[in-house]
Amino acid sequence: MDRRNFLKTLAILSLYAPFLRLNSFSNQRIVVIGAGIIGTTIAYELSKLGVITTLIDKKFPGSGSTGSSFNWINATYPKTPYAYNYLAQLGITHFKKLENELDFPIKWNGSIEWTNSINSQKNLIKDVNHLMNYPTHTRHNIIDYIQASTFEPNINFSGNDNIVFSEDDAALNTDKFIRVLVDKIKFNGVNVLNNCEFKSIKSNKNKILSINTSQGEIQADQVVFACGIDTNKIFNKTFLKPPTPGIIIKSKPYKKVINRIIYGPGIHFYQQEDGRIIIGEQDILSASEFKTSQDFPPRFKSKSIELKYINKIRNIGKKFFNQINQLEFEEIKIGWRPIPLDEKPILGRLNYNTNIYLASMHSGISLAPIVGKYIAKELVEKTKIPLLNNFRPERFF
């Protein structure tokens, strides 16, 4: 072979080298159950490693908790202790990498939070100061109502001088993000099955052979459960608290009036690029509204109940955002949150079968990029990443 042809061959091999490396894991068959943001991100990371991956959902991608979430990316004060907060910080870092990788821009405009209760305000400042003592942390500043009003001139901050501005936060258009991820993983060869409900695992001792689903049998060597509020039911074990409901309302497109995430007294909201305002609330729902259903309904059972809660939210919001009365609402959902018993993520293999991996958490939006990457690595390399050791399922056994 002459020198020119030799160099040409080397160039061609360099183009295919990543695929040769990725295919080292191609004999593994992994099924991911649950196509919310966690399951879809895990499947995406596995697809980049050349793993034979199947992603299933009992409805469709993003139809569960992810699709009814407020979609706030943050590493703020409620995420304690430091190990949990640091994981969320890494989540933000990896979201910024995914922005470039997927050509999916995210606006990192930050969030503004305050409360009208003196005691609650003192606790808020105390919690933020505690956060700022961590070895690493996202950027938080205490600002007054004058500075806050320059950021958000359409919000009435009631002369408050202790407002928390979290600069590194963002709101994610999760519906769009999931669609981009699903398109990408399909392109990478992942089999995505909608309306495919998990039924059981077929195994021989600890060796998994396949899973049974509503669409038939799927061969598998490892199974990842990222199935949100269905976790307790599937495992017949209490990993999670009873799901808590919260209201998510989407307005019709409206003129630009909000720049950041607003976490005010009683409700929180932000405005998307398309002008729609997303409003979240999780404290006013009455349990009596759900006595007729045990299936965690995604909608209210009647328009009259829906309207009652819309009016409640308007009355709360108009105290500091009077334009809420001008909004027309096009969608109202009930989001059911998967919250582990100790409120910390559950990430790892089960001790009675190491080929079963559980991934369940409340902060799925913030953590998805980093846990997706780490879980994929643990699955294919049969290893344990130390950063996840504080969140293993063994603590529930």
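What counts and how
- Residues numbered from 1 in each chain as written.
- Predicted model: local features only at pLDDT ≥ 70, side-chain atom pairs only at ≥ 80, totals over all residues.
- Heavy atoms only, no water.
- Helix = DSSP H or I, 4+ residues; strand = E, 2+ residues; numbered from the N terminus.
- Rg over C-alpha atoms; globule rule 2.2 N^0.38 Å.
- Buried < 20%, exposed > 50% of the residue type's maximum accessible area, 1.4 Å probe, protein only.
- Contact = heavy atoms within 4.5 Å.
- Lys, Arg positive; Asp, Glu negative; His and termini not counted.
- Charge placed at Lys NZ, Arg CZ, Asp CG, Glu CD.
- Pairing = 2+ DSSP bridges.
- Expected span 1.5 Å × (residues − 1).
- Axes fitted to C-alpha atoms, helices over the stretch in contact; angles between N-to-C directions.
- Parallel < 35°, antiparallel > 145°, perpendicular 65-115°, else oblique.
- Left-handed = near helix turned anticlockwise from the far one by under 90°.
- Nonpolar A, V, L, I, M, F, W, Y, C, P; charged D, E, K, R; others polar.
- 1 Å grid on protein atoms, 1.4 Å probe; cavity = no way out; pocket = protein on both sides within 12 Å on 5 of 7 lines; lining within 4 Å.
- Points joined across faces, edges and corners; volume = space filled by probe spheres on them.

Student: I tried to follow the overall build of the protein chain on my own but got confused; where do I start?
Tutor: Regarding its fold elements, the protein chain presents 9 helices and 19 strands. The C-alpha radius of gyration computed for the protein chain amounts to 23 Å, which stays within 12% of the reference 21 Å derived for 397 residues, consistent with globular compactness. With the C-alpha coordinates of the protein chain rotated into their principal frame, the extents come out at 75 × 60 × 40 Å. Per-residue burial over the protein chain gives 52% buried out of 397 residues. Sequence-distant contacts in the protein chain: of pairs separated by 6 or more residues, those separated by 24 or more amount to 70%. If the 51 positive side-chain charges of the protein chain are averaged to one point and the 35 negative ones to another, these points end up 4 Å apart.

Student: Is there a simple way to think about the pairing of strand S11 (residues 216-219) in this case?
Tutor: Where a strand is regular, its side chains alternate between the two sheet faces. As judged from the 4 bridges shared by strand S10 (residues 207-213) and S11, these two strands associate in the antiparallel manner. Bridge assignment links Thr-213 to a residue of S11, and that residue is Gly-216. Two successive antiparallel strands, S10 and S11, enclose a turn made up of 2 residues.

Student: How should I be thinking about helix H8 (residues 303-317) in this particular structure?
Tutor: Residues spaced three or four apart along an α-helix face the same direction, because each turn holds 3.6 residues. Compared with the 21 Å implied by 1.5 Å per residue over 15 residues, the 21 Å span of H8 between its first and last C-alpha is a close match. All of the buried residues along H8 are Ile-305, Glu-306, Tyr-309, Ile-310, Ile-313, Arg-314, Ile-316 and Gly-317. On its buried side, H8 packs onto strand S13 (244-251), strand S16 (277-281) and strand S17 (329-337).

Student: How should I be thinking about the packing of helix H2 (residues 37-48) against helix H3 (residues 82-102) in this particular structure?
Tutor: The geometry of a pair of packed helices is captured by two quantities: the angle between their axes and the separation between those axes. Where H2 meets H3, the axes come as close as 14 Å, and the angle between the chain directions of the two elements is 60°. Overall, the two elements H2 and H3 adopt an arrangement that is oblique. For the crossing formed where H2 meets H3, the hand is left-handed. Between H2 and H3, the contacting residues are Ile-37, Tyr-44 and Lys-48 on the first element and Phe-95, Leu-98, Glu-101 and Leu-102 on the second. For the contact of H2 with H3, the class distribution of residues is 5 nonpolar, no polar and 2 charged.

Student: Honestly, the layout of surface pockets in this entry has me stumped. Any pointers?
Tutor: It is the rolling of a water-molecule-sized probe over the atoms that shows where space remains empty. Looking at the second largest pocket, its volume works out to about 480 Å³. Lining the second largest pocket are 23 residues, and of these Pro-105, Lys-107, Ala-171, Gln-272 and Glu-273 sit closest to its centre. Class assignment for the residues of the lining of the second largest pocket results in 9 nonpolar, 6 polar and 8 charged.

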